[in-house]
Amino acid sequence: MTLSESREDYLENLLILETRSGGFVRQVGMASRMGFSKASISKAMSSLSAEGYVEFRPRGLVRLSNGGRKIAERVYDRHCFFFKVLTNLGIPTEIAQRDACRMEHAMSEESYQTLKKELSSKMDVQ
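Now for a look at the structure at hand. (Residues numbered from 1 in each chain as written. Predicted model: local features only at pLDDT ≥ 70, side-chain atom pairs only at ≥ 80, totals over all residues. Heavy atoms only, no water.)

1. Observations concerning the nonpolar core
Thinking step 1. Tyr10, Leu11, Leu14, Met30 and Met45 are the most contacted members of the largest nonpolar core, which totals 21 residues.
Thinking step 2. Those elements that provide at least two residues to this core are α1 (5-21), α2 (27-34), α3 (38-50), β3 (61-64) and α4 (66-88).
Thinking step 3. When residues no more than four places from it in sequence are discounted, the contact partners of Leu14 are Val25, Met30, Met45, Val54, Val62, Arg63 and Leu64. (Core = buried A, V, L, I, M, F, W, Y, C linked by side-chain atoms within 4.5 Å. Buried < 20%, exposed > 50% of the residue type's maximum accessible area, 1.4 Å probe, protein only. Helix = DSSP H or I, 4+ residues; strand = E, 2+ residues; numbered from the N terminus. Contact = heavy atoms within 4.5 Å.)

Okay, here's the thing in structure tokens:
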């Protein structure tokens, strides 16, 4: 199943926060990181939970399911790759961050893997 860009962003941000915390993440932390209201985060997490991408615990705690983690890791891997490519080319960090966020969603898996293979052998972007 293909998720929308915004839903992939929720999963990616949850992965980042989980990695930092070592476990469950408070929805209020997601709201703070993403700049959204807690109600918006709660609605998105409920939807993602219904589809099996996240798991809930009491007191507003969430974490990725195995399926959600797989998607989040794929998106985050792409983000890191594109960010490294752009910064290695001299793009300022803020612009590279913003553009990597766009690029991580736009490319087919086949094109991404080919580009990654080619550029990894030429640049330090593995």
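2. Regarding the pattern of salt bridges
Thinking step 1. Counting across every chain of the model gives seven salt bridges.
Thinking step 2. Between Asp77 and Lys116 there is a salt bridge; the shortest N-O distance is 3.2 Å. Here the residue Asp77 occupies a position in helix α4, and Lys116 occupies one in helix α6 (residues 109-122), the gap between them amounting to 39 residues.
Thinking step 3. Note on Asp77: relative accessible area 30%, which makes it partly exposed.
Thinking step 4. With a relative accessible area of 18%, Lys116 lands in the buried category.
Thinking step 5. Here Arg78 ties to Glu109 by a salt bridge, and the two come within 2.8 Å at their closest N and O atoms. Taken together, the positions of Arg78 in helix α4 and Glu109 in helix α6 put the pair 31 residues apart, joining distant regions of the chain.
Thinking step 6. Since its relative accessible area comes to 2%, Arg78 is described here as buried. (Salt bridge = Lys/Arg side-chain N within 4 Å of Asp/Glu carboxyl O.)

3. Let's talk about helix α5 (residues 93-106)
Thinking step 1. When the terminal C-alpha atoms of α5 are compared, their 20 Å separation across 14 residues agrees well with the 20 Å that a helix rising 1.5 Å per residue should span.
Thinking step 2. Those residues of α5 not exposed but buried are Ala96, Ala100, Glu104 and His105.
Thinking step 3. On its buried face, α5 sits against α1 and α4. (Expected span 1.5 Å × (residues − 1).)

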